[in-house]
Structure formats: C-alpha cells, structure tokens
4 protein chains.
Amino acid sequence: MPTSASAVPDKRAAILETTLELIAARGFHDTPMSAIAKESKVSTGIIYHYFASKDELILELYKEIKYKMIRDVLADYSEQAPYKERLRRLYHQLIRYYINHPKEANFLEQFEHSPYNDPNFQEVFRDELTPFIISFFVQGMQEGVLKDMRLEIAVQLSFGVAISLAKQHNRGVLELDEEIIDSAVDASWDALKK
Amino acid sequence: MPTSASAVPDKRAAILETTLELIAARGFHDTPMSAIAKESKVSTGIIYHYFASKDELILELYKEIKYKMIRDVLADYSEQAPYKERLRRLYHQLIRYYINHPKEANFLEQFEHSPYNDPNFQEVFRDELTPFIISFFVQGMQEGVLKDMRLEIAVQLSFGVAISLAKQHNRGVLELDEEIIDSAVDASWDALKK
Amino acid sequence: MPTSASAVPDKRAAILETTLELIAARGFHDTPMSAIAKESKVSTGIIYHYFASKDELILELYKEIKYKMIRDVLADYSEQAPYKERLRRLYHQLIRYYINHPKEANFLEQFEHSPYNDPNFQEVFRDELTPFIISFFVQGMQEGVLKDMRLEIAVQLSFGVAISLAKQHNRGVLELDEEIIDSAVDASWDALKK
Amino acid sequence: MPTSASAVPDKRAAILETTLELIAARGFHDTPMSAIAKESKVSTGIIYHYFASKDELILELYKEIKYKMIRDVLADYSEQAPYKERLRRLYHQLIRYYINHPKEANFLEQFEHSPYNDPNFQEVFRDELTPFIISFFVQGMQEGVLKDMRLEIAVQLSFGVAISLAKQHNRGVLELDEEIIDSAVDASWDALKK
DNA sequence: AATGAATGAGGTTTCATTCAT
DNA sequence: GATGAATGAAACCTCATTCAT
C-alpha cells in the first residue's frame, strides 16, 4: 500500500507518455489501445477513465505537447534584445526544442499532417504561439526593419525553415550545429530585412 | 457492343484514383479497402489482383503521383534563362502543381509524414527530383551567384517555402496570386543570392 | 446472482469442446472460427483472447486430448500382472478409449494425418506414451518373452491393430465386443511372443 | 503451332500431377485452385473444363491413384505360390508401392482420413482391392491354413501393419529393408496362421 | 480449348469500447 | 480507481467459380 502521494503511479501521465512513444515509433494506424495499455502497464479499462476515447487521448496529448513546446521556445525570449537577435534566439530555441524532443517533434508532425488536425479542432484549440508570431512580425514591419510582406511568407522564410532543418537533423540526413544554424538565420534575415 | 479502347474500364486506374480521393478526404486510417472497392465500383477481390496488399497499393499510388509531379514541375524548365528567372519558374511551377492538384498534394504530405515513408522505402524509391535540385543549387554556387550554404538550407528557403505557401492556399488560409508568389520569390532570392 | 464456481462460464473450455465437435463432424476445412464462436455462444473476439490463432487453438486442442488419452489408457496399468495380461489390458484400454471418445479419436486421426502434424510440432510436443511403449516392449524382449524385432513392428502388430479396429468400430463397419477384442489380442500375441 | 500430337501438352494430366504434389506438400487446406493453375502453367478457367469443381478434381485424383496402386500391388500376384509366399509378396508389393510413390501414399492417407472420404463417396467408389483381400483371407481360412478370425483383424495384422511401416519409412523414422520387412511378414504370419 | 480478369461471400483476425467485479 | 474478460463490427485478404473474349 503506498503511503506517500509520490508513490502513487501517475497512470494518466504514463498513458500519455506511452502513447507518444508508440505513435512516434509506429504511427497512428499501428498504435492500438491494447498496446498502449500493455506498454503503460495499466488495464485497457483505466484509459477510458482518464480519456473519453482514443481520439480524446490523442487530442489531449497533442495539446499538452504543443503547449509545452510553446512554453519552452518562448522561455528566454526578451523584448530588450535587438530585433535580429530576437529572431535568432527564437530560431535557435525552436530548433533546440525539436532536437531535444524528437518524439514530440515527430508526433506533432504526424498529427498536423493527419486528419486529426481538422479545422474544427484547430478552431477550438487555443494556440498561443500564432498570435505571438503575428505580433512579432507586425512589430518588425511597423518598426521599418522588415520588408512589408505577407505574414505567412515571413513565417515560412524563418520559422518554417528552422523546423524543416530540425526535422532533417532528427532524420539523420543533416547534422546541425550552432554555426550552420546561424548561417540559416543570416540567410533568413536577408530574406526578411528591408 | 463498344469496340473502342476507351470502353475498356481500366479498373487499376479507377482503384488508384479512388484511393487518392478517399485518402485525401479521410486519411489513411479511415480509408478501408471496402470503401475503395465500393467507390471504384469494383469488387474487393480485384484490388488484390492489381496490388499485392493495401500497403502496396498506397506505395504504388505514391510513386505514380510523385513521378507525375516531378514531370510537371520540370516541364518548362530551361537552362537558357538567367539564374533567378529559373528559380522563379521552378517556384511557380511547384506552387502551380500543388494548387492544381490539391488531392495529390494532400496525399503526398500525408504520406511523407506517415510511417509509410520509412527509410527502407525511400532507399528503393528512385526520386529524380532530388538530384536535379542538388545540381541546380550547386551550379548557382559555382557560378558565384548564390551564397555558399548547406544545400538543405537553400532548398528550404526556396522550394520549402513555396510548398508551405501552396499548402496554406489549399487549406484556404492564404489566397495566393502571381504577385504574392513573386514577392515570396524575391524574398527567397534575397536569402540565397550572394 | 450465482456465487458458485460452476456458475462461471468457462469460455476457454467451451471453445475447445466446440472445436472438437465441429472438426470431428465437419473436418478442419469446414470449421470456421465464426462457427466455433456461434456454437460456443461466445464472440469471435474472445477466442483470440485464449488462443493466439486458429492454429494455436487446434494445436492446444490436440495436446489436451492426447494427454488425456494417455492418462486414461495408462490408468489401470500394473507392473504386477503377467506380461501377456499387461498387453491385453493396454489393448483393451486403448480400444475402450477410442470407442468411448469417438470425437476425440476422430480428431486425433484427422490431426495426425494432416499437415498440422509437422515434424517441428512433434519435436516440441512432449508425448509421454512413446517412451512408455518403448520400455514396455524392450522389457518384454529382455525378459525373453517376446521375439527380437524392431519396436515399430511390435507396436503396429499390437497397438496399431487395436487402434485400427477401434476406428472401424466407430465408423460402424465392425462391431467390437470383448470376445472379438480378445481374439485380436491372442493373434497379436502369437505375432509377438517368442 | 504444335505439329505433332505429342507436342500437345496434356493439361488434364498436368493438373492432376500438380494437385497431387501440392496436396502432398501443403495439405488440402493450403492448396487453392489458383496455386494448382500457376504450378501447372494453365489458366484457372481450364481446370473447370476438365473437372466440374475442386471436389471433383480431388475425387478424380483419388480414384486414379487408388486404381494405379491396386494395379501395381496386384501385378505379380500369382495363385500358384504357396499361401505364405503369396502373403509375403503382397506385403512387399504394398510396401514397395508406398515407398516408391511417397506423394501418392501421402495423398491417399490424407484423403482417407479427411471428410472427403465420406460414406457416400466410398459407396459409389468401386474399390477392387477390398473384394480381392476378402477372398484372399476367406480362402486361407477355408483351406485351414489361417486361424478363424474376423477378416478386419486379419487385414490389420498383415496389410495394415505393412502400410504403417511404409508410412514410417517415408517419414524417415524407420529405415526399411528386405530383411526387416521379412521379419514383419514372419510375425504377421505367426498372428494369422493356425 | 483456353485465358485470366472479375466477382463477392466468407475466411481469419483486430480493435475501440464496455462492464461486471 | 482499477482490472481484463468480453463484445461484435469491421478490417484485410482469399479463393472457388464464372464468363467475356
């Protein structure tokens, strides 16, 4: 009998962790609930105590990972630094997160390119990153340091590129280091700056 | 009794077309063979006459679409034009293909972010686009018109951005036109050029 | 609410029993899992909870029946009786088992003449009857009461004949009684004795 | 275009031969018509030109093999030889056939222990061996050279044993030679003779 | 005679979910 | 909270048979 709170195994967390691992390794279509239960060392029944359905479990996992990622990436952001430096830090943070959390990165990619990521869901889902990014680029344009261009283009030329590079690093087809990342930042900067 | 070739119902093609439509609309995990058969107006059995398994069907569909895309995108490419113009044309062709073939684009995205796209498969798969793109950027750097940078970075700053924009257009979150595309080309060009 | 153990429906046992009945009546190739499920009054799914596959189910059934048969046949065996008497008792017990368990007998015959009975399986399968029979005949030869002959020949001249006769009885082409069995024992004895 | 009769491939014979091979190797339940067609290098359709159904094909194969076996076994039978010698020759011939035709032997065993061998079929099937064997033993008893016993017992003590030994030889668990066979004949003879 | 594409019922197995304990 | 036996619809795939050519 456990006598301290910490001795209670947090089944909910174990289920989420296992789900992440299995989907990262085998994909949505090869991750049955039975495998999640077995790997988590819980019964199938208890999963339905914590999550209404498999879809709810996956959606919940997505939310938690996405929020954690946003928190991480924005952690050391400072309004004080010069604009390009702020871009550089975000760029690095984004890549760092993807590289340090390959399973999470893989899951996010799979999710966002699958039918789970339907419009209804994204409407309900409160993403705090998008408004931040919008204001980041709007601010740069208003300050006259960035070209006037569609925000979507600016995002892809910077963070979109960062994510693509991190994905290639995780796949093992491109070895990133600080220098290479900085060269990408510089090139992106050339694309964005007035 | 029809005697023309067009009267021959090409079941194999019908199956591939239906598979594309269903996966684009509903995703891998919601596209059973029974639905493909019904929608194609063929029996389930005949699918296995043309394709050894569901996986084979999906892999074959991927190959056919990818090859067609490559052919389309490279169709009007000309070595004669100045370098930036050649980039611009590829950029536009890529976007045009994605916009004119939203189902194919969607399928490619889903496939390439799913476990179907495992290393074993890509090793066997003969992609003719990658070598072309490599030589395109290597040439630009050797001519001194492009910055020296990792090819992967150059690719993302140009074609990666193009694809991302086309995807957003197809999702309805960004309305692309020639002018906007050209502004993206210009920004990419600033990123790449020496 | 029933509280006795007998109220617990032993689905595993029901599945095995039904499988035996159906295969005895209709053969391997006409005994689908769906029929086993329906006849056992269980869902198809639960069969796979107890048995990994149809083959596993059949193999398991074979093992259980074979072990039970061996136990039954050897039940009243006594080292005390004279040699011929011991032979006679084994002969009778074997026939009795086959006659009293026609479904089991039929299943064993079908199994042992089918590809299920491949060498790999028999190697793993621990048959306790074979070593017993070997020592039974070796002992008889060492005591000088039996002719020296290959064990396989001795086995067929006695127990092989017993089984064949029991099978014919079960098929209704030969009505066995104690007297007829004893006449077979006597003839077998003439074949074996020195 | 074939110009001689011998150039015409005898598809019917090829189908029967392939069926024999496949069933001997893989069993009834793993020998689909498609495999028979492929291995025979004919179309599936043509099988139905020669045989009304799969069951007909198998029944026909059984008949042909059984008749050939009977012809072979009885080939050198002579009423002239002394009784025990006649028994010995039949014994050897039976074993020789089984050993020289392992696929046929295997097929016969599988067939006769499967539901294909139902009473309706055996009633229609004109087996010329059974009447021969009956008269062989009846004659021996009438001549006073054999014990009076049920014919079924006599059959098993002689030919039943012979077949069992041949089967064991084919399975590789018992190496038969003339001497061993003769020792079995002698033992059987002791069982049968008055 | 011969082909082999085509059918579709039915085979084995999986899996999200429920529920008695 | 927790278990895991149980359900049954539905998944993928097979296969005997047919039929237009």
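Conventions we followed
Residues numbered from 1 in each chain as written. Chains lettered and ligands numbered in written order. Predicted model: local features only at pLDDT ≥ 70, side-chain atom pairs only at ≥ 80, totals over all residues. Heavy atoms only, no water. Helix = DSSP H or I, 4+ residues; strand = E, 2+ residues; numbered from the N terminus. Buried < 20%, exposed > 50% of the residue type's maximum accessible area, 1.4 Å probe, protein only. Contact = heavy atoms within 4.5 Å. Areas by Shrake-Rupley, 256 points an atom, 1.4 Å probe, with all protein chains shown as cover. Lys, Arg positive; Asp, Glu negative; His and termini not counted. Charge placed at Lys NZ, Arg CZ, Asp CG, Glu CD. Least-squares fit on C-alpha atoms with pLDDT ≥ 70 in both. Domains from an automatic or database assignment. Buried area = accessible area lost by both parts, 1.4 Å probe. Salt bridge = Lys/Arg side-chain N within 4 Å of Asp/Glu carboxyl O. Polar contact = N/O pair within 3.5 Å; in protein donor to acceptor, adjacent residues only side chain to side chain. Nonpolar A, V, L, I, M, F, W, Y, C, P; charged D, E, K, R; others polar. Patch = residues over 30% accessible without salt bridge, like charges linked within 9 Å, V, L, I, M, F, W, Y side chains within 5 Å. Near = heavy atom within 4 Å.

Considering the overall build of chain A
A count of helical and extended segments in chain A gives 10 helices and 0 strands. Helices (α) and strands (β) of chain A occur, in sequence order from the N terminus, as α-α-α-α-α-α-α-α-α-α. By principal-axis analysis of the C-alpha atoms, chain A measures approximately 65 × 35 × 35 Å. A burial count over chain A gives 48% of its 194 residues as buried. Contacts in chain A between residues far apart in sequence, at least 24 positions, make up 70% of those at least 6 positions apart. By element, 51% of the accessible surface of chain A is carried by carbon and sulfur atoms, the whole surface being about 9700 Å². Across chain A, the centroid of the 23 positively charged side chains sits 1 Å from that of the 30 negatively charged ones.

Comments concerning the relation of the copies chain A and chain B
What relates the pair of chain copies is a rotation about an axis plus a shift along that axis. Mapping chain A onto chain B calls for a rotation angle of 180 degrees and an axial translation of 0.0 Å; the resulting RMSD is 0.1 Å. The symmetry that links the two subunits is that of a two-fold axis. Looking at the rotation axis and the C-alpha trace of chain A, the residue lying nearest is A191 of chain A, at 2.2 Å. Of the residues that chain A buries at the interface, 100% are likewise interface residues in chain B, meaning the two copies contact each other through the same surface.

Quick notes on the domain arrangement of chain A
All names here are of chain A. Segmenting chain A into domains produces domain 1 (9-51) and domain 2 (62-192). Between domain 1 and domain 2, the C-alpha centre-to-centre distance is 29 Å. Each partner contributes to the interface: domain 1 provides 9 residues, whereas domain 2 provides 10 residues. Between domain 1 and domain 2, roughly 790 Å² of surface is buried when both sides are summed, and carbon and sulfur atoms account for 69% of that area. Broken down residue by residue, the surface that domain 1 buries against domain 2 is led by L20, A24 and F28, which jointly contribute 68%.

Side note on the interface of chain C and chain D
By convention, interface size is frequently given as the accessible area that disappears when the constituent parts associate. Contact with chain C, which involves 29 residues of that partner, is made by 28 residues of chain D. When the buried surface of chain C facing chain D is broken down by residue, H113, I153 and Q156 of chain C rank first, second and third, together holding 22% of it. Taken together, chain C and chain D are joined by 2 salt bridges. Taken together, the links from chain C to chain D amount to 6 residue pairs in polar contact (both at pLDDT 80 or more). In terms of residue count, the dominant contributor to the side of chain C that touches chain D is helix α9 (residues 151-171) of chain C (9 residues). For the side of chain C that touches chain D, the per-class residue count stands at 13 nonpolar, 9 polar and 7 charged.

Details of a negative patch on the surface
A contiguous patch of negative charge, built from E175, D177, E178 and E179 of chain A, is present on the exposed surface. In this structure, E178 of chain A sits in helix α10 (residues 178-192).

Focus on the protein's contact with DNA strand F
As a matter of local geometry, DNA strand F sits amid 31 residues, with Y50 of chain A, K54 of chain B, H49 and Y50 of chain C together with M33 of chain D nearest to it. One nitrogen or oxygen atom from the side chain of Y50 of chain A is found 2.6 Å from a phosphate oxygen belonging to DNA strand F. Between M33 of chain B and DNA strand F, the recorded distance is 2.7 Å, taken from a backbone N or O atom to a phosphate oxygen.

Digging into the protein's contact with DNA strand E
With respect to spatial proximity, 31 residues lie near DNA strand E, and among them M33 of chain A, H49 and Y50 of chain B, K54 of chain C together with H49 of chain D are the closest. Within 4 Å of the protein, the atoms of DNA strand E are drawn from sugar and phosphate moieties in a proportion of 67%. Between DNA strand E and the protein, one listed contact pairs a base nitrogen with a side-chain N or O atom of T44 of chain B at 3.3 Å. Between DNA strand E and G45 of chain D, the relevant distance is 3.4 Å, taken from a base nitrogen to a main-chain nitrogen or oxygen of the residue. At the level of elements, α3 (44-50) of chain A, α3 (44-50) of chain B, α2 (33-40) and α3 (44-50) of chain C together with α3 (44-50) of chain D are the ones that each hand at least two residues to the surface near DNA strand E. Along the lines of polarity and charge, the residues of the surface near DNA strand E split into 12 nonpolar, 15 polar and 4 charged.

Quick word on the relation of the copies chain C and chain D
Mapping chain C onto chain D calls for a screw motion: a turn of 180 degrees about the axis and a shift of 0.1 Å along it, with 0.1 Å RMSD after fitting. Most of the interface of chain C is mirrored in chain D, where 97% of its interface residues again form contacts.

Considering the pattern of salt bridges
Counted according to the given criterion, the structure contains 60 salt bridges over all chains. Across the pair R86 of chain A and E79 of chain A runs a salt bridge whose closest N-O atoms are separated by 3.7 Å. A residue is classified by how much of its surface remains accessible, and E79 of chain A, at 46% relative accessible area, is partly exposed. As a salt-bridge pair, E17 of chain D and K103 of chain D come within 3.6 Å of each other at their nearest N and O atoms. Linking E17 of chain D in helix α1 (residues 11-26) with K103 of chain D in helix α6 (residues 102-112), this pair joins segments that are 86 residues apart in sequence. On the accessibility criterion, K103 of chain D (32% relative accessible area) is partly exposed.

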